[in-house]
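# Residue-level structural notes
Listed below, chain by chain, are the residues.
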Number of protein chains: 2
Amino acid sequence: MAPVTNPRIVFKERPQEGLPIAGKHIVLDSSHTIDLENVPLNGGYLTKSLVLSPEPAMRERMRDPSITSYTTTYITGAPIVAFAVVVVVRSEKEEVKVGQYMYGQTPWEAYTVQPYIEGRVKFEPDQWAPGTFDMDSLVLQPVPDPKGAYPLSTYTNILGTPGMTAFVGMEGVLQGKKDETLFVSSGASGVGSLVIQLAKMKGMKVIASAGSDAKVKFMLSLGADNAFNYKKESYGEALKKYGPIHAFWDNVGAEALDAALEFCLPQARFAICGASGTDSIPYDDRYRLKNASQIQKKRLKIQGFVVPDYIPQFAAQFFQEVPALVAQGKLKSKENTVGEKWDDVPQSIADMLKSGHDIVGKPVVTVGSV
Amino acid sequence: MAPVTNPRIVFKERPQEGLPIAGKHIVLDSSHTIDLENVPLNGGYLTKSLVLSPEPAMRERMRDPSITSYTTTYITGAPIVAFAVVVVVRSEKEEVKVGQYMYGQTPWEAYTVQPYIEGRVKFEPDQWAPGTFDMDSLVLQPVPDPKGAYPLSTYTNILGTPGMTAFVGMEGVLQGKKDETLFVSSGASGVGSLVIQLAKMKGMKVIASAGSDAKVKFMLSLGADNAFNYKKESYGEALKKYGPIHAFWDNVGAEALDAALEFCLPQARFAICGASGTDSIPYDDRYRLKNASQIQKKRLKIQGFVVPDYIPQFAAQFFQEVPALVAQGKLKSKENTVGEKWDDVPQSIADMLKSGHDIVGKPVVTVGSV
C-alpha cells in the first residue's frame, strides 16, 4: 500500500495573552505521509486517532515556560499532545493487541508510532518550578471496548479526564455531604456536568451556572435544583436567591468566585478546579476580586487542585464505581461533536477555550473510525 | 469604705465603615461607682482590671449584626467586653481565691462582679449564621502568678490570644517544615512576632513585613531572615527578591495576599489569620485581588481560621510548651504600654486598628495595679 497523508495539528506559535488563534498559533499540517504497513515500529505499536478531546489544560501548555503553572508546556513546531481515544492498528509489543482501544496523551495526528517522540517534553524536574506535572506521563492506557453500551467519546468525558477530575475533586477535596448546598460554576462543562450528578447522588442541593439557556436546560436535566444563565442574572443575584452555600466547585473564578465568597456560609469549602473566566483575558484586564477578606471572616478552606495529584489515591475507586454507573445509565455523559475532520481541529481548541461558548456537552472531534 | 468611681469603656455607637472613633463610637463613662466592700457577689467574685488588651477581633464585634462574620457582636450602650488580665479582690466562690490572677473576656471597667452580665450576648445559635462563635464563652481562666519571671502583660501577648493564635495556626493550619520559606505579613504584631519565632524554631527561613523601620528592626531581632517595610518597598518587590515562598501567614490581606499569590511556589499553603489591610477601609475603596487564578494554577491550600476553632485540639500542648519557653527566655514577648489610665483606652482601640500604626510590640493599657 502506498503511503497515506498523515495530517497533524502543530503548535506553531505561542499565544502571548488571550486566546490562541486557529491558523496562527495552532495549525493543520498536511505535508506528512506515513506508510502504514511498513513504517518501523521498533518494538512499539501503531495507533490511529479516533476521538480528540479539546480540554482547558491545553491553554496552560501553550504558555511561556517561564510562567509557573501546574503543567509542562508545549514545544513550538511540534505536534500538539493532548487527550484522545485511539485504536491499535499494528503492534510489535506483546501486551498491546491490534484492535485495542486506548486513551491518554498522544500527538494529535492521524497515525502515530507509539511510544511517541515528537512533541514529548524531555522532563527534567529541576528545570521546572517544584510541583510542575509532566503531562506527557499520562500515557495511553487500554480502555475496554464499550461494545455499544456507550460511545467511544465517553472516554474523553465522564470516563476520561473530566470525569476523573470531578470524581477526585468531590471525594478528595470537596467532600460534599448530604443536605449541604453546593454551587458549581460552569456546570454544563465536562467536569461540571459530572459534579452536578455526583453531588445529587450524595444528597446535596445543587446550584449550577452556565452561559446559555440551552446549558441551563441541560444542567436541570442532570438534576441541578437551581440553574441560571450568568449572562442574564448575575452570580450575586442568583446566589442571594438560591444560597447560601456550604460548598463551591469553581471552574470559572472571577465574578463566580467573588459571589461565592459573599454568599457562602462560615466554614464553607471551595474546590478550585479552573479559572476559565480569567485564563484567556490579558492580565491587566482581568476581573479583580473584592471579597477576599471573607476567607478569614468566614474561616474558609479553599483548595486549588489538578487531577494528577489525586490519581494515585482515587483511580482504583473511580474505575470500580463510575464505568458501571455509566453503563447502567445512572450517570449521563453528553458529548458534542464539534468537528469530524482534521480541518476542524484548530478552531475546536480555540472555541473550547472561549469563556461562555455555546457548546452544550463536552466538545469532541471525531477524526477517525474503526 | 465609701463607694469609688468605677470607670468603664462603653460601646456607644456602631461605626458603619472604617475605623471606630474614640469619643464617638467608643467612650469613657465615669458616672458609675462601686462599693468594693459591700457590693453583693451572689456567690461570685469581684475582679479588678489590671491590663487591657486591644485586639483586632474587637472591630468584628463592632460590625452590624446582620453582617456575617466569625464572632458575635457588641451591644450598643453596654461596656466593651474584651481580653484583660484581672486580679480577684473578693470572692464567695470556693475555687476562686483572692489574689488569683485571671485572663479572658471581661467588661472593660475598673471593677466587675463576676460572672458579668452587662455587655454579655445572650447567645442563641439559631439567631446567628452557622459557625458564629460566642466570644463571651471565652470566660476568665486562672493564670499562674508569674512572680517576676515575666510581666503580667505577657498574658495578653505570647501567653494570651495572640500567642495561642500563632501556635494553633502554625501547628494546625500551616504545618511549617524545616527548610521551607515562610512569609508573614504584619510580622511585628502580637501574632506575627510569635509566628516568626515559632517558624525559626522549626528551622524555616522567614520573610516578614511591617509598616515602619522600627518594626523591621524588631522583626530581625526576633530572628526573621529578611524583613521589609512595605511602605518603602512593595510586597511584590520584596517577595521577588527574598522568595519564592512555600508558606504564607497572612494578617493583612490586600497587596500582601496578592503578592504572595504571585511569588509562592506550587502547592504552597496559606494560613489566613487576619485582613487588617482592608478591615477598616470602606468596602468600595478596598484593594481588589489580581492573582486569584493562581489558586488553581499553583494548586494552593488557603485556609482562614480563628483561634477558638482549634482551642480544644491544641490548648493542652500550648500550655505545656509555651510558658516554659517564655520563662526560659527562648521566646520573646514584647508589649508596648500605650496607655496607663482609663482616659487612654478609647484611643488605644482606634490606634491599634489603624493599618500601619507605629506601635512596636503588642499594645496594652495598664489600668490597675495590685
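Reading the values: rules and limits
- Along each chain, numbering runs from 1 in the same order as the chain's sequence is written.
- Labels are handed out in written order, letters beginning with A for the chains and numbers beginning with 1 for the ligands.
- Side-chain atom pairs in this predicted model are given and counted only at pLDDT of 80 or more, local residue features only at pLDDT of at least 70, and totals for whole chains, interfaces and linings cover all residues.
- To obtain the side-chain values, all non-hydrogen atoms of the structure were used and water was disregarded.
- Secondary structure elements follow DSSP: runs of H or I no shorter than four residues count as helices, runs of E no shorter than two count as strands, and numbering proceeds from the N terminus.
- For a helix, the expected span equals 1.5 Å multiplied by the residue count minus one.
- To sort residues, take the accessible area from a 1.4 Å probe on protein chains only and compare it with the maximum for the residue type: under 20% means buried, over 50% means exposed, and anything in between is partly exposed.
- Following DSSP output, two strands are said to pair if at least two bridges run between them.
- In this description, a line fitted to the C-alpha atoms serves as the axis of each element, helices being fitted only across the stretch in contact, and the angle between N-to-C directions of two axes falls anywhere from 0 to 180 degrees.
- Roughly parallel refers to an angle under 35 degrees, roughly antiparallel to one over 145, roughly perpendicular to one between 65 and 115, and oblique to any angle outside these ranges.
- Each crossing is labelled by how the near helix is turned from the far one, with a counterclockwise turn of less than a right angle marking it left-handed and a clockwise turn marking it right-handed.
- Throughout, a contact is declared for two residues whenever any of their heavy atoms are within 4.5 Å.
- UniProt positions are given in the numbering used here, feature names are shortened, and annotations may be inferred rather than shown by experiment.
- Residues form patches when they are more than 30% accessible in relative terms and have no salt bridge. Like charges link within 9 Å. Nonpolar side chains (Val, Leu, Ile, Met, Phe, Trp, Tyr) link within 5 Å.
- Accessible surface is estimated by sampling points in the Shrake-Rupley manner with a 1.4 Å probe; for residues, cover comes only from the protein chains shown.
- Any Lys or Arg side-chain nitrogen located within 4 Å of an Asp or Glu carboxyl oxygen qualifies as a salt bridge.
- For the purpose of counting charges, residues Lys and Arg are taken to be positive, whereas Asp and Glu are taken to be negative. His and the chain ends are not included.
- Where a charge lies is defined by one atom per residue type: Lys uses NZ, Arg uses CZ, Asp uses CG and Glu uses CD.
- Segmentation of the chain into domains, including their bounds, is taken from an automatic or database domain assignment.
- When two parts are brought into contact, each loses some accessible area as probed by a 1.4 Å sphere; the total of that loss over both is the buried area.
- Classification used: nonpolar for Ala, Val, Leu, Ile, Met, Phe, Trp, Tyr, Cys and Pro, charged for Asp, Glu, Lys and Arg, polar for all others including Gly.

With that settled, consider helix H3 (residues 190-201) of chain B. Residue and element names in this part refer to chain B. Along its twelve residues, H3 runs 17 Å from first to last C-alpha, staying within 8% of the 16 Å computed at 1.5 Å per residue. For H3, the set of buried residues is Gly190, Val191, Gly192, Ser193, Leu194, Val195, Ile196, Gln197, Leu198 and Ala199. Immediately downstream of H3, the backbone of Gly203 shows phi near 85 degrees, a positive value.

Time to look at the pairing of strand E2 (residues 8-11) of chain B. Two faces belong to every sheet, and in a regular strand the side chains alternate between them. All names here are of chain B. Neither face of E2 is left uncovered, since the one carrying Arg8 and Val10 and the one carrying Ile9 and Phe11 both have all their residues buried. Bridging between E2 and strand E3 (residues 26-29) involves four bridges; their strand directions are antiparallel. Within E3, the position partnered with Phe11 by the bridge is Ile26.

To continue, consider the packing of helix H2 (residues 161-174) of chain B against helix H9 (residues 311-327) of chain B. All names here are of chain B. Where H2 meets H9, the closest approach of the two axes is 10 Å, and the angle between their N-to-C directions is 110 degrees. Classified by the angle their axes make, H2 and H9 are roughly perpendicular. Where H2 crosses over H9, the two elements pack in a sense that is right-handed. In this structure, H2 contributes Gly163, Met164, Phe167, Val168, Glu171 and Gly172 to the contact, and H9 contributes Ile311, Phe314, Ala315, Gln317, Phe318, Phe319, Glu321 and Val322.

All right, on to the UniProt feature "domain: Oxidoreductase N-terminal" (unreviewed entry) in chain A then. UniProt annotation of "domain: Oxidoreductase N-terminal" (unreviewed entry) refers to residues 40-114 of chain A when read in the numbering used here. Helix makes up 8% of residues 40-114 of chain A and strand makes up 40%, while its end C-alpha atoms are separated by 11 Å.

Where like charges cluster on the molecular surface, the positive patch consists of Lys177 and Lys301 of chain A together with Lys177 and Lys301 of chain B. Mapped onto the secondary structure, Lys301 of chain B falls in strand E15 (residues 301-304). Given the relative accessible area of 47%, Lys301 of chain B is considered partly exposed.

Turning next to the domain arrangement of chain A. Residues and elements named next belong to chain A. Segmenting chain A into domains produces domain 1 (4-157 + 334-366) and domain 2 (161-307). Taken residue by residue, the interface counts 21 residues in domain 1 and 19 residues in domain 2. Its largest share of buried area at the contact with domain 2, domain 1 owes to Glu17, Asn157 and Val360, together 30% of the area lost on that side. There are zero salt bridges connecting domain 1 and domain 2. Split by residue class, the side of domain 1 that touches domain 2 holds seven nonpolar, seven polar and seven charged.

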